[in-house]
Structures are given as structure tokens and as C-alpha cells.
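What the coordinates show
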Amino acid sequence: MKAKNRDQSLSDSRELDGSYDQLTDSVEDDFELSTVCHRPESMDKLQEQTKFTKKELQVLYRGFKNECPSGVVNEENFKNIYSQFFPQGDSSMYAHFLFEAFDTDKNGSVSFEDFVFGLSIILRGTINDRLNWAFNLYDLNKDGCITKEEMLDIMKSIYDMMGKYTYPTMQDDAPRDHVETFFQKMDRNKDGVVTIEEFIESCKKDENIMQSMQLFDNVI
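If you're wondering where the values come from, they're calculated on a predicted model, not measured in any experiment. (Residues numbered from 1 in each chain as written. Predicted model: local features only at pLDDT ≥ 70, side-chain atom pairs only at ≥ 80, totals over all residues. Heavy atoms only, no water.)

Focus: the overall build of the protein
Within the protein one finds 12 helices and 4 strands. In the protein, which comprises 220 residues, the share counted as buried stands at 43%. Partitioning the contacts of the protein with sequence separation of at least 6, the portion at a separation of at least 24 is 62%. Put simply, the protein shows about 12100 Å² of open surface, and 50% of that area lies on carbon and sulfur atoms. (Helix = DSSP H or I, 4+ residues; strand = E, 2+ residues; numbered from the N terminus. Buried < 20%, exposed > 50% of the residue type's maximum accessible area, 1.4 Å probe, protein only. Contact = heavy atoms within 4.5 Å. Areas by Shrake-Rupley, 256 points an atom, 1.4 Å probe, with all protein chains shown as cover.)

In C-alpha cells form, the structure reads like this:
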């Protein structure tokens, strides 16, 4: 039974990255089993559960496995990878928040499945799916509502990530001013928090909010 699971696991992985080669089969078996601690779901399951094609999943998996040979990425590695895309600023805090959003089962690591499930929503999901995902990103303590402090933490991390070179004339209080503007529009009943309903309704009515908050521009 163990041998069967082992063979199936290797088969699933090779199906994803398109790297199967009978000539190097026995060599790759020992090498892969010694370096990979997590095997992704089969191709069919991932296609059913996401909005990606087989070819797209293979491309994504090659890139993921290249950066994360073990099959999972922890927060420190995630931050290091993310910093390569924003060398002009400090992306560590935003990467922390993003990692928390991708780590849906809260086990301290992001698997390929976690990654493509989130990416599928961000890139191919309905507007409601995408806004629900964004709300979860901003709801830092996961209590079902966004406070002004939580939104400010996210906005500060975005400005830090984009860096002074991107916004050379940016004032230090710009993130706070930004958040004050958003809250006036979103907090409909003025109770000091933004619910998921208020968040989605406000974003749908005013596209400038989504653009200003850069909800989906900095994820990939």
C-alpha cells in the first residue's frame, strides 16, 4: 500500500510539472522522495477546484517547485521571494499579511494548493469572490469586521512596499488620510467598523475605492 501511494504521489507531481522521464525514473524517485515533503493534489482535482487549465497549472507548479523544492513555503521564504518584486521598498509587512491570507488552514506554511486556490480567486473569481478574499486580507484578526486600525496597518504596509522612490512627495500621514476617506465611505452605520456587506457594497458602488486600495495589484 505504501509503495502504491508513493508511486501515485510521484505520478501526480510529474503530471503537474510535465517532467516525467522514464529514462531517469529510478534516479528521480530517490531524489524527489528525499527532498519533497508535500505532494500536491492530482491535476484533475486542481482543475476542478480552480479556474486554471492543465497547462496553466503546470507552469505555475514549475515556478512554485523551483522556488520551494520541498513543496511548501514558510513565511520567511515567502517574504524573501516577495521582496524580489519590490526592491525599491520594504515589502516584509505586506508579505506577512498576504502570507496569512494564503495560509487558509493556519499551519504556518503555504502549499501549492493554498497558492493556486487563492490565485484562482484573485485572477479568475467573480467580483464577489475577489472582494471576499480582499476583505479577509484586511480583517487581520479574523473577527468578521475591519477596524480603522487594521486598514491603516495594511495601507502603511503598501506604502512601505512601494517605497519613497515610487511616491517621492508622499507625506507621512498619507496612509492615515487615505484610511479616513475610505472609512467615511464604507462605514455606513458609523459604528466604527466595516462589515463584509458594507465592504462589498462600497467597493461595487465606487471602483475608485478598489483602485485606491490596490486590492489586487500587489498580490502577484
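A short note on the UniProt feature "domain: EF-hand" (unreviewed entry) in the protein
Mapped onto this structure's residue numbering, the UniProt feature "domain: EF-hand" (unreviewed entry) falls at residues 90-125, 126-161 and 174-209. The span residues 90-125 carries 67% helix and 8% strand; its end-to-end C-alpha distance comes to 29 Å. The span residues 174-209 shows a helical share of 72% and a strand share of 8%, and its end C-alpha atoms are spaced 15 Å apart. (UniProt positions renumbered as here; feature names shortened; annotations may be inferred.)

Comments concerning the side chain of Asp114
Relative to the elements of secondary structure, Asp114 occurs in helix α7 (residues 112-124). The side chain of Asp114 sits in the buried core without any salt bridge; Lys106 is the nearest counter-charge, 9.6 Å away. Not counting chain neighbours up to four residues away, the residues in contact with Asp114 comprise Phe102, Thr104, Asp105 and Ser109. (Lys, Arg positive; Asp, Glu negative; His and termini not counted. Salt bridge = Lys/Arg side-chain N within 4 Å of Asp/Glu carboxyl O.)

Some points on the nonpolar core
Membership of the largest hydrophobic core comes to 50 residues, with the highest contact counts inside it found for Leu137, Met151 and Phe199. With 8 residues, helix α9 (residues 148-166) is the largest single contributor of residues to this core. (Core = buried A, V, L, I, M, F, W, Y, C linked by side-chain atoms within 4.5 Å.)

Quick word on the packing of aromatic side chains
In total, this model carries 11 aromatic pairs according to the counting rule given. A centroid spacing of 5.0 Å and a plane angle of 75° characterise the contact between Tyr61 and Phe112, whose relative ring orientation is edge-to-face. Taken together, the positions of Tyr61 in helix α4 (residues 54-67) and Phe112 in helix α7 put the pair 51 residues apart, joining distant regions of the chain. Its relative accessible area of 4% is what places Tyr61 among the buried residues. A centroid spacing of 5.5 Å and a plane angle of 35° characterise the contact between Tyr82 and Phe86, whose relative ring orientation is tilted. For Phe86, a relative accessible area of 11% gives the class buried. Here the aromatic cluster, defined as three or more aromatic residues joined through ring pairs, consists of Tyr61, Phe64, Phe78, Tyr82, Phe86, Tyr94, Phe99, Phe102, Phe112, Phe115 and Trp133. (Phe/Tyr/Trp six-rings, centres within 6.5 Å; stacked < 30°, edge-to-face > 60°.)

Let's talk about helix α5 (residues 75-83)
Considered for burial, the residues of α5 that qualify are Phe78, Ile81 and Tyr82. Within α5, the buried residues cover an arc of 95° as seen down the axis, which keeps them to one side. Near the N-terminus of α5, the side chain that reaches the backbone nitrogen of Glu76, with its oxygen 3.3 Å away, is that of Asn74. (Arc of directions from axis to C-beta. Polar contact = N/O pair within 3.5 Å; in protein donor to acceptor, adjacent residues only side chain to side chain.)

Observations concerning the side chain of Ser109
Mapped onto the elements, Ser109 comes out in strand β2 (residues 109-111). The class for Ser109 is buried, based on a relative accessible area of 17%. Beyond its immediate chain neighbours, meaning those up to four positions away, Ser109 contacts Val72, Val73, Phe99, Asp103 and Asp114.

So, the packing of α4 against α7
Contact geometry for α4 and α7: axes closest at 11 Å, N-to-C directions at 130°. Considered as vectors, α4 and α7 are oriented oblique to each other. The handedness of the crossing between α4 and α7 is right-handed. On α7, the residues that touch Glu56, Leu57, Leu60, Tyr61 and Phe64 of α4 are Phe112, Phe115, Val116, Leu119 and Arg124. Of the residues belonging to the contact of α4 with α7, the class tally is 8 nonpolar, no polar and 2 charged. (Axes fitted to C-alpha atoms, helices over the stretch in contact; angles between N-to-C directions. Parallel < 35°, antiparallel > 145°, perpendicular 65-115°, else oblique. Left-handed = near helix turned anticlockwise from the far one by under 90°. Nonpolar A, V, L, I, M, F, W, Y, C, P; charged D, E, K, R; others polar.)

A word on the pattern of salt bridges
Taken as a whole, this structure holds 6 salt bridges when the rule is applied. Note that Arg124 is salt-bridged to Glu56, the shortest N-O span being 2.8 Å. Placement of the pair is Arg124 in helix α7 and Glu56 in helix α4, with a sequence separation of 68 residues. For the salt bridge of Glu201 with Arg188, the shortest nitrogen-to-oxygen distance reads 3.4 Å. With a gap of 13 residues between them, Glu201 in helix α11 (residues 196-205) and Arg188 in the loop between α10 (174-186) and β4 (193-195) connect regions that are remote in the sequence. Each of the salt bridges in this network shares a partner with another, and the network as a whole consists of Arg188, Glu201 and Lys205.

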